[in-house]
Amino acid sequence: MAVTATPAFVQVLRATQAVVTGATTDRSSPGGNLVSLWTAGSNGSNITRLYAVPRATVTATELQLYLSTDGGSTKVYLDSVLMAAHTVANTTAVPTTAFTKYSEASPLYLPASAILYAAAAVALAGGIVFCANGGDL
């Protein structure tokens, strides 16, 4: 890619989702329970919002993000937040757990073709839905 002095703006808006059901407890060698959440475009991507919602009653669990810049061969532990325990019922709202580091003002930049993976430290058969909003540059 040629070097330019002009800023790179998002060209294509995107929203992606992934459902995590298995547990990932080894952060240095995460194994097979990671789920691909976002693959960056050919010029990279900016993600401005990341959050997760449980689809069933959940115990407190660490939500994890991993980054791969080599097509998924190597996955590097990137970030985490704590999802609080919650009993899902028809009379309560299901809480959203946000990765608050990322916003319009401070997006998560992914280099070209990088893959962002989602994971949870505690298995949940009903699944935890991870959502990402942003765009390709």
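Draft legend 1. Here's a closer look at the environment of Asp136. Relative to the elements of secondary structure, Asp136 occurs in strand S9 (residues 128-136). Remark: the alpha-carbon pair of Asp136 and Thr92, spanning 44 residues in sequence, is separated by 36 Å. When residues no more than four places from it in sequence are discounted, the contact partners of Asp136 are Phe9, Val10, Gln11, Val12, Arg14, Trp38, Ala40, Gly41, Gly44 and Ser45. Polar side-chain contacts of Asp136 include one of 2.5 Å to the side chain of Ser45.

Draft legend 2. Representation of the pattern of salt bridges within the structure. Throughout the structure, instances matching the rule amount to three salt bridges. Asp136 is the partner of Arg14 in a salt bridge, and the nearest nitrogen-oxygen pair spans 2.9 Å. Placement of the pair is Arg14 in strand S1 (residues 12-20) and Asp136 in strand S9, with a sequence separation of 122 residues. The shortest N-O distance in the salt bridge between Arg27 and Glu62 comes to 2.4 Å. Taken as a pair, Arg27 in the loop between S1 and strand S2 (35-39) and Glu62 in strand S4 (residues 61-68) lie far apart in primary sequence, 35 residues in all. Its relative accessible area of 31% is what places Arg27 among the partly exposed residues.

Draft legend 3. Spatial organisation of unusual backbone geometry. Here the phi dihedral of Ser113 falls at roughly 65 degrees; this positive angle occurs in a residue that is not glycine. Structurally, Ser113 is set in the loop between strand S7 (108-110) and strand S8 (115-120). Residue classification places Ser113 among the partly exposed positions, given a relative accessible area of 45%.

Draft legend 4. Structural view of the side chain of Asn46. Tracing the chain through its elements places Asn46 in strand S3 (residues 45-54). With a relative accessible area of 16%, Asn46 lands in the buried category. Asn46 has contacts with Val10, Pro107, Leu108, Tyr109, Gly134, Gly135 and Leu137, leaving out every residue within four places of it along the chain.

Draft legend 5. Just the nonpolar core, in detail. Counting residues in hydrophobic clusters, the biggest one holds 26 residues, and the most contacted among them are Leu50, Leu63, Leu110, Leu116 and Phe130. For this core, the secondary structure elements donating two or more residues are S1, S2, S3, S4, strand S5 (76-83), S7, S8 and S9. Excluding residues within four positions of it along the chain, Leu50 makes contact with Leu37, Leu65, Thr97, Ala98, Phe99, Tyr102, Leu108, Leu116, Cys131 and Ala132.

Basis of the calculations
Residues numbered from 1 in each chain as written. Predicted model: local features only at pLDDT ≥ 70, side-chain atom pairs only at ≥ 80, totals over all residues. Heavy atoms only, no water. Helix = DSSP H or I, 4+ residues; strand = E, 2+ residues; numbered from the N terminus. Contact = heavy atoms within 4.5 Å. Polar contact = N/O pair within 3.5 Å; in protein donor to acceptor, adjacent residues only side chain to side chain. Salt bridge = Lys/Arg side-chain N within 4 Å of Asp/Glu carboxyl O. Buried < 20%, exposed > 50% of the residue type's maximum accessible area, 1.4 Å probe, protein only. Core = buried A, V, L, I, M, F, W, Y, C linked by side-chain atoms within 4.5 Å.

Geometric descriptors of this kind do not, in isolation, establish any biological role.
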